Amino acid sequence: DYFWKNCRKANFTNIRLIDMKQVFDEFSRQVCKMLTHKYSTSFSLGIMCIDRNIRGHIYALYGFVRLADEIVDSFHEANKRELLQRLEKETWQAIHDQISINPVLQAFQETVNKVGIDRELIEHFLNSMKMDLEDIKYDDSLYKQYIHGSAEVVGLICLKIFVQGDKKLFEELKPYALRLGSAF
């Protein structure tokens with residue numbers, strides 16, 4: 001009784017919760033980093049050239065994009081449409097609640113909320129992933145829509161991370177980020 005009374009006075013219970021949340025956040029970022037290293041050696045090496053303070057955000061973005069891409073390109077024995085719908089629902093929920101028990105979504109929502117990633121960009125990306133699930137004959141307009149959502153948007157999100165809130169610089173560099181994204 002004496003012990004718990006003094007713990008409440010010192011507020012140790014809150015300190016423990018904060019520390020464990022920080023542990024989970026770090027774990028989530030590490031999962032995205034490991035995922036990046038496992039799937040893309042070249043991208044992993046490129047990230048090493050980026051400012052250490054923003055690398056975690058790039059890893060989180062890559063983790064999210066890779067997760068969606070794996071659903072549409074690799075999980076052939078599963079109901080891809082259902083998995084992608086679940087990912088989309090859990091992504092929006094994580095962003096809204098600012099927490100997820102999925103480590104990739106936890107790191108991604110943290111990036112989205114800290115950096116101020118436009119929800120519209122995420123929506124365009126997810127729509128392109130949905131297009132991957134359809135047997136579509138692409139005309140020029142649909143092709144441009146697909147490239148915008150699957151590639152250009154990723155370039156814009158990276159740019160948003162790179163400029164660290166500088167809206168003027170973002171607008172100035174936006175055309176180049178779009179072209180770089182569509183080149184890949």
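Residues numbered from 1 in each chain as written. Predicted model: local features only at pLDDT ≥ 70, side-chain atom pairs only at ≥ 80, totals over all residues. Heavy atoms only, no water.

**Q** So what exactly am I meant to see when it comes to unusual backbone geometry here?
**A** Keep in mind that most residues, glycine aside, have a negative phi and that most peptide bonds are trans. Of note in the backbone geometry, Q98 takes a positive phi value of approximately 60 degrees without being a glycine. On the basis of relative accessibility, which here comes to 49%, the residue Q98 falls in the partly exposed class. Despite not being glycine, Q164 shows a phi value in the positive range, around 50 degrees. Tracing the backbone through its elements, the reader meets Q164 in the loop between α8 (140–163) and α9 (167–183). Under the relative-accessibility criterion, Q164 is labelled exposed at 53%. (Buried < 20%, exposed > 50% of the residue type's maximum accessible area, 1.4 Å probe, protein only. Helix = DSSP H or I, 4+ residues; strand = E, 2+ residues; numbered from the N terminus.)

**Q** How do you make sense of the layout of surface pockets when you look at a structure like this?
**A** Rolled over the atoms, a probe as big as a water molecule pinpoints where empty space is left. For the second largest pocket, the calculated volume is near 270 Å³. For the lining of the second largest pocket, the secondary structure elements donating two or more residues are α2 (12–39), α4 (52–73) and α6 (103–115). The element contributing the most residues to the lining of the second largest pocket is α4, with seven residues. Its residues placed into classes, the lining of the second largest pocket shows four nonpolar, five polar and seven charged. (1 Å grid on protein atoms, 1.4 Å probe; cavity = no way out; pocket = protein on both sides within 12 Å on 5 of 7 lines; lining within 4 Å. Points joined across faces, edges and corners; volume = space filled by probe spheres on them. Nonpolar A, V, L, I, M, F, W, Y, C, P; charged D, E, K, R; others polar.)

**Q** Explain helix α7 (residues 119–132) to me, please; I cannot follow it from the model alone.
**A** Because each turn of an α-helix spans 3.6 residues, side chains separated by three or four positions in sequence point in the same direction. Between its terminal C-alpha atoms α7 stretches 20 Å, which fits the 20 Å expected from 14 residues at 1.5 Å a residue. Buried within α7 we find L121, I122, F125, L126, S128, M129 and M131. Residues of α7 that are buried make contact with α4, α5 (80–97), α6 and α8. (Expected span 1.5 Å × (residues − 1). Contact = heavy atoms within 4.5 Å.)

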